[in-house]
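Geometric and topological summary
One-letter residues, chain by chain:
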Amino acid sequence: MDTMVKTAAILTIILASAFSAFADFPTIEGLTSHLFTNAVIVWQAPTNELPRNFWIYQRTLPRVFSERVISKAIVLGSLQQKALPRLSTKDFYIPEDLPPNWPGPVPVVFGVQPDDASLFYEMPGYAKASDDPAKDIPTDRVIAARAWKYARQLGLDTKKMALKNFYTHFCNADQNQDEEAHGVCGRGVFLSRELDGIPFFSADEQGDGAEGFSVEFGGFGKTCSFSLCWSDVQRCESLPTDDPRKIIHNIQMHKILVLPDANETDYFTRLKKLASATKVVVTRITPYYFKGVFGQVPTSGAPAKLITPMAQLEAIADCGDGNIIIRMVTPIIP
């Protein structure tokens, strides 16, 4: 598993398990329960641009994608020779073409998942091991231009989207994906959906767990993968934004989560170190929408029914022998 996947996996676990009666991760809970217990929390983050209220949104699921959207996605994946699925609330998948009596699981190259308002494509063989770096990968400017073009072709409202992250796909050194080679196999971009001008929070740079559109290009500009998640939504409740005193209380009551850093390999050691912090200075707060409810575990893996706000905090923790820059996520409504 490469480093990016490790980071995303850790984050997915802690976001799902925190402060829940269903949490099954005592190691994480044990570490976070000691964070900042004896620390002085100082607020220095500007809040004048925070909304006074946030809307809670209800996702209308399943979403039945139109024939036009599916056909455009099929063309973007160069799968025109495949039969189009019928419009349905059921999942639909196109498997990779493999020889008869293939001994292992058959990879999926295209899928439509109405229950989560999502569809995806991955070029056959793209996830397999390779030590051959791609040539002539497009520049970020070209990648962004093509991503916006594809988003419009797929019927997305680009006026309600924002360019969130560029990311790099490294060639895997072996089939177990235990290491990363130095070669680059592809590069992509995530365009986040926005609600009320606020983007979605994602577990990684590729938009995992968020609504929006992600696309990746390999050698000579070939489209290697893309994913789309975009549900129909309805406003259902407006709640006031927590003030800094309430957020500081969240930190003191351990109702926050320290995020893994990019490429971090020893997240748990850093949590142990943060337990000794004597002072935490919050320097920035950024609001996000989150597909789900912060701290609640979806039942039986069911797609999230609600979209709710949360916030990311940037802070400096004084651990006695040096400062540690940290990012935390916190509830931001009652």
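Preceding this section is the structure that the text describes.
The residue count restarts for each chain, going from 1 along the sequence in the order it is written. For this predicted model, a pLDDT threshold of at least 70 governs which residues receive local features, and a threshold of 80 or more governs which side-chain atom pairs are given and counted, while totals over whole chains, interfaces and linings are taken from all residues. Hydrogens and water molecules were not included; the side-chain quantities draw on all heavy atoms of the structure.

**Re the pairing of strand β2 (residues 53–60)**
- Strands qualify as paired when DSSP identifies two bridges or more between them. Each helix is a run of DSSP H or I of at least 4 residues and each strand a run of E of at least 2, with the numbering of both proceeding from the N terminus. Of the pairings in the sheet, the one linking β2 to strand β11 (residues 232–240) comprises eight bridges and is antiparallel in character. Paired with Thr-60 across the two strands is Asp-232, which belongs to β11.
- Sheet analysis places β2 next to strand β14 (residues 306–318), joined by two bridges and oriented antiparallel. Note on β14: the bridge partner recorded for Gln-58 is Leu-306.

**Focus on helix α6 (residues 267–274)**
- Whether a residue is buried, partly exposed or exposed follows from its accessible area with a 1.4 Å probe, protein chains only, as a fraction of its type maximum: under 20%, in between, or over 50%, in that order. All of the buried residues in α6 are Tyr-267, Arg-270, Leu-271 and Leu-274. End-on view of α6: buried residues confined to an arc of 105°, all on one side of the axis. The directions considered for the arc are those from the helix axis to the C-beta atoms.

**A look at the packing of aromatic side chains**
- Aromatic pairing here means that ring centres of Phe, Tyr or Trp (its six-membered ring) are within 6.5 Å. Orientation follows from the plane angle: under 30 degrees is stacked, over 60 is edge-to-face, and everything else is tilted. Counting across every chain of the model gives eight aromatic pairs.
- Note on Tyr-150 and Phe-217: the rings are 6.0 Å apart at their centroids and 55° apart in plane angle, and the pair reads as tilted. Placement of Tyr-150 in helix α4 (residues 140–153) and of Phe-217 in strand β9 (residues 212–217) is noted, with a sequence separation of 67 residues between them.
- The buried category is assigned to Tyr-150, whose relative accessible area is 10%.
- Overall, Phe-217 belongs to the buried group, its relative accessible area being 0%.
- Pairing Phe-213 with Phe-226 gives two aromatic rings, centres 6.3 Å apart and planes at 45°, and the pair type is tilted. Residue Phe-213 is located in strand β9, and its partner Phe-226 is located in strand β10 (residues 223–229); the two are separated by 13 residues in the primary sequence. Residue Phe-213 shares its accessibility class with Phe-226, and that shared class is buried.

**Section: the pairing of strand β15 (residues 323–330)**
- By the bridge criterion, two bridges tie strand β12 (residues 257–258) to β15 in an arrangement that is antiparallel. Residue pairing in the sheet places Val-258 in a bridge with Met-328 of β15.
- Pairing between β14 and β15: eight bridges, direction antiparallel. Note that in β15 the partner of Gln-312 across the bridge is Val-329.

**Overview of helix α5 (residues 244–252)**
- Turning to α5, its buried residues number three or more, namely Ile-247, Ile-248, Asn-250 and Ile-251. Considered in projection along α5, the buried side chains sweep an arc of 150° and stay on one side of the axis.
- Phi turns positive, to about 65°, at His-254, one or two residues after α5.

**Observations concerning the nonpolar core**
- Within this scheme, the nonpolar core is defined by two criteria: the residues are buried Ala, Val, Leu, Ile, Met, Phe, Trp, Tyr or Cys, and they are joined through side-chain atoms within 4.5 Å. Ranked by size, the top nonpolar core spans 40 residues in total, and within it Phe-36, Leu-274, Val-280, Ile-285 and Met-328 carry the most contacts.
- In this structure, Leu-274 is in contact with Leu-35, Phe-36, Val-258, Ala-317, Cys-319, Ile-324 and Ile-326, ignoring residues within four places of it in sequence.
- Core analysis: the second largest hydrophobic core is formed by 34 residues, Phe-110, Val-112, Tyr-150 and Phe-217 among them. Residue contacts are counted whenever heavy atoms from the two residues lie within 4.5 Å of one another.

**Notes on the environment of Val-329**
- Among the secondary structure elements, Val-329 is positioned in strand β15.
- Separated by 42 residues in sequence, Val-329 and Pro-287 place their C-alpha atoms 9.5 Å apart.

**Quick look at unusual backbone geometry**
- Backbone torsion omega between Leu-61 and Pro-62 reads -5°, so that peptide bond is classified as cis.
- With respect to the helices and strands, Pro-62 occurs in the loop between β2 and α3 (67–76).
- Even without glycine at this site, Ser-78 takes up a positive phi of about 55°.
- Here Ser-78 is to be found in the loop between α3 and β3 (92–95).
- In this structure, Asp-136 is a non-glycine residue whose phi angle is positive, near 55°.
- Position of Asp-136 relative to the elements: it lies in the loop between β5 (118–122) and α4.
- Here Asp-136 falls in the exposed class, since its relative accessible area comes to 57%.

**Considering the environment of Met-123**
- With respect to the element layout, Met-123 can be found in the loop between β5 and α4.
- Separated by 46 residues in the primary sequence, Met-123 and Gly-77 place their C-alpha atoms 7.3 Å from one another.

**With respect to the side chain of Asn-250**
- Positionally, Asn-250 belongs in helix α5.
- When residues no more than four places from it in sequence are discounted, the contact partners of Asn-250 are Asp-242, Lys-255, Ile-256, Thr-330 and Pro-331.

**With respect to the pattern of salt bridges**
- Any Lys or Arg side-chain nitrogen found within 4 Å of a carboxyl oxygen on Asp or Glu counts as a salt bridge. Counting across every chain of the model gives 11 salt bridges.
- Ionic pairing is found between Arg-187 and Asp-140, a salt bridge with its closest N-O pair at 2.7 Å. With Arg-187 in strand β7 (residues 180–195) and Asp-140 in helix α4, this residue pair connects regions lying 47 residues apart in the sequence.
- A relative accessible area of 21% means that Arg-187 is categorised as partly exposed.
- Shared partners join several salt bridges into a network, and the residues in it are Arg-59, Asp-116, Arg-193, Glu-211 and Lys-291.

**A word on the side chain of Asp-204**
- Examined against the element boundaries, Asp-204 turns out to sit in the loop between β8 (198–199) and β9.
- Buried charge Asp-204 goes without a salt bridge, the closest partner of opposite sign being Lys-164 at 9.7 Å.
- Polar contacts, as used here, are pairs of N or O atoms within 3.5 Å; protein pairs need one atom able to donate a hydrogen and one able to accept it. Residues neighboring in sequence count only if both atoms are side-chain atoms. A distance of 3.0 Å separates a polar side-chain atom of Asp-204 from the backbone nitrogen of Asp-208. Residues scored as positive are Lys and Arg, those scored as negative are Asp and Glu, and His as well as the terminal groups of each chain are ignored.

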